[in-house]
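Single-letter residue listing:
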Amino acid sequence: MTSLGRLITAMVTPFDDKGEVDYERARKLARALYDSGSDGVVLSGTTGESPTLSKEEKLRLFAEVKSEVGGGVVAGTGSYNTRESIELTREAERIGVDAALLVVPYYNKPPQEGLYQHFKAIAESTNLPCILYNVPGRTGTNLAAETVVRLSQIDNIVGVKEASGNLEQISKIIQGTRDGFLVYSGNDGDTLPILALGGYGVISVASHLAGVQIKEMIEKCLNGQLGEAAQIHRNLLPLVEALFVVANPIPVKYALGYMGFPVGKPRLPLVEPDEKARATIESALKAYPVGLPSGYLK
């Protein structure tokens, strides 16, 4: 199995002035993220505006970024449709991605047994390592700890991105899943607490702008330097809060452009931040030393 790193960026999807996917910009952004501390990238996840990307756009994005960076490419292939999720996961595997991210089905609100059968069916259709993605604030359904524990017994379900914010639930997952099961924080503000509980890493939005700092925080935590890790965590919180002042990825796309790496507007139904949100984002960026390596700007 491909080794998955501890800091994975949930990458935005760059668009050009006409609203089309800018694949060259995506390649450049992925390379910049790797040079800023990321061990991998998630493509076509929440931050990548997956609901507005066509199947063809997703597959080309997977191929382009994989060609650019080599390893660590996690493809967002899950949806509320099990059959379509299987099909997209298989096609992503043929392209050569390194893992699949499978979100809890949204809108149709399946029971826990339905969630188990959904993820089991996708995992059994592929040889890719599969990471579950629990984000009840967006999907309307929570993936219970007991269900994650059951799913962890399937060999190629290797981890979970946990964005419930429920540390008690996350503790139960870490305690009950098989050895080697990877529990990623799905919220930047929860990364250090989850690491302290025995979690593995983070699938991050803030690492677009603070990858070096987040990487350092993870390393210090793992080395037992909890005080120093906590200081980095506290320093990052105003930036994290600003990046979620309105729905992700609206703020991070604006922030990247403000810092000198434009990635285009979000696609409808998302829109650019209003004046108040822009002021909040800009204030956080001015107060904290963030940014991609200078060689990538403009």
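Residues numbered from 1 in each chain as written. Predicted model: local features only at pLDDT ≥ 70, side-chain atom pairs only at ≥ 80, totals over all residues. Heavy atoms only, no water.

Student: Requested: an account of empty space enclosed by the protein, with residues and values cited.
Tutor: One pass over the structure, following the stated rule, counts one cavity of 30 Å³ or more. By volume, the largest cavity is sized at about 50 Å³. Of all the secondary structure elements, the ones that give two or more residues to the lining of the largest cavity are helix H9 (207-222) and helix H10 (226-242). Here the element with the most residues in the lining of the largest cavity is H10; it accounts for four residues. Its residues assigned to classes, the lining of the largest cavity shows six nonpolar, two polar and one charged. (1 Å grid on protein atoms, 1.4 Å probe; cavity = no way out; pocket = protein on both sides within 12 Å on 5 of 7 lines; lining within 4 Å. Points joined across faces, edges and corners; volume = space filled by probe spheres on them. Helix = DSSP H or I, 4+ residues; strand = E, 2+ residues; numbered from the N terminus. Nonpolar A, V, L, I, M, F, W, Y, C, P; charged D, E, K, R; others polar.)

Student: Go over the nonpolar core, please, and point to the residues and values.
Tutor: Considering soluble globular proteins, one finds that nonpolar side chains tend to be buried as a cluster. Residues Met11, Val65, Phe119, Ile157 and Leu239 are the most contacted members of the largest nonpolar core, which totals 79 residues. Excluding residues within four positions of it along the chain, Leu239 makes contact with Ala210, Ala284, Leu285, Tyr288 and Val290. Val74, Val158, Leu182 and Tyr184 belong to the second-largest nonpolar core, a separate cluster that totals 17 residues. (Core = buried A, V, L, I, M, F, W, Y, C linked by side-chain atoms within 4.5 Å. Buried < 20%, exposed > 50% of the residue type's maximum accessible area, 1.4 Å probe, protein only. Contact = heavy atoms within 4.5 Å.)

Student: Talk me through the packing of aromatic side chains; I want residue IDs and the actual numbers.
Tutor: Per the counting criterion, the structure on display carries three aromatic pairs. Taking the centre distance of 4.8 Å and the plane angle of 70° together, the rings of Tyr80 and Tyr106 count as edge-to-face. In this pair, Tyr80 is assigned in the loop between strand S3 (73-76) and helix H3 (82-95) and Tyr106 in the loop between strand S4 (99-103) and helix H4 (112-124), connecting sequence segments 26 residues apart. Relative accessible area serves as the criterion here: at 43%, Tyr80 is assigned to the partly exposed category. When the ring of Tyr184 is compared with that of Tyr200, the centres are 5.5 Å apart and the planes differ by 85°; the resulting orientation is edge-to-face. With Tyr184 in strand S7 (residues 182-185) and Tyr200 in the loop between helix H8 (191-197) and strand S8 (201-204), this residue pair connects regions lying 16 residues apart in the sequence. Comparing Tyr184 with Tyr200 shows no difference in burial state: the two are buried. Arg31 extends its terminal NZ or CZ atom over the ring of Tyr34, reaching a point 6.0 Å from the ring centre. It is Arg150 that lies over the ring of Tyr116; its NZ or CZ is 3.7 Å from the centre. (Phe/Tyr/Trp six-rings, centres within 6.5 Å; stacked < 30°, edge-to-face > 60°. Lys NZ or Arg CZ within 6 Å of the ring centre and 35° of its normal.)

Student: So what about the side chain of Asp188? Which residues, and what values?
Tutor: Positionally, Asp188 belongs in the loop between S7 and H8. No salt bridge is formed by the buried Asp188, whose closest oppositely charged neighbour, Lys161, lies at an N-O distance of 8.3 Å. Here Asp188 is in contact with Val202, Ser204, Val205, Ala206, Ile214, Val240 and Phe244, once residues within four sequence places are set aside. (Lys, Arg positive; Asp, Glu negative; His and termini not counted. Salt bridge = Lys/Arg side-chain N within 4 Å of Asp/Glu carboxyl O.)

Student: Give a detailed account of the pattern of salt bridges, specifying residues and quantitative values.
Tutor: For the structure shown, the criterion picks out 15 salt bridges. The shortest N-O distance in the salt bridge between Glu68 and Arg27 comes to 3.1 Å. Note that Glu68 is positioned in helix H2 (residues 55-69) and Arg27 in helix H1 (residues 23-35), a separation of 41 residues in sequence. Among the salt bridges present, the one from Glu124 reaches Lys120, with a minimum N-O distance of 3.0 Å. Within this pair, Glu124 and its partner Lys120 are both found in helix H4, separated by four residues, close to a single helical turn. With a relative accessible area of 56%, Glu124 lands in the exposed category. One salt-bridge network, in which partners are shared between bridges, spans Arg27, Arg31, Arg60, Glu64 and Glu68.

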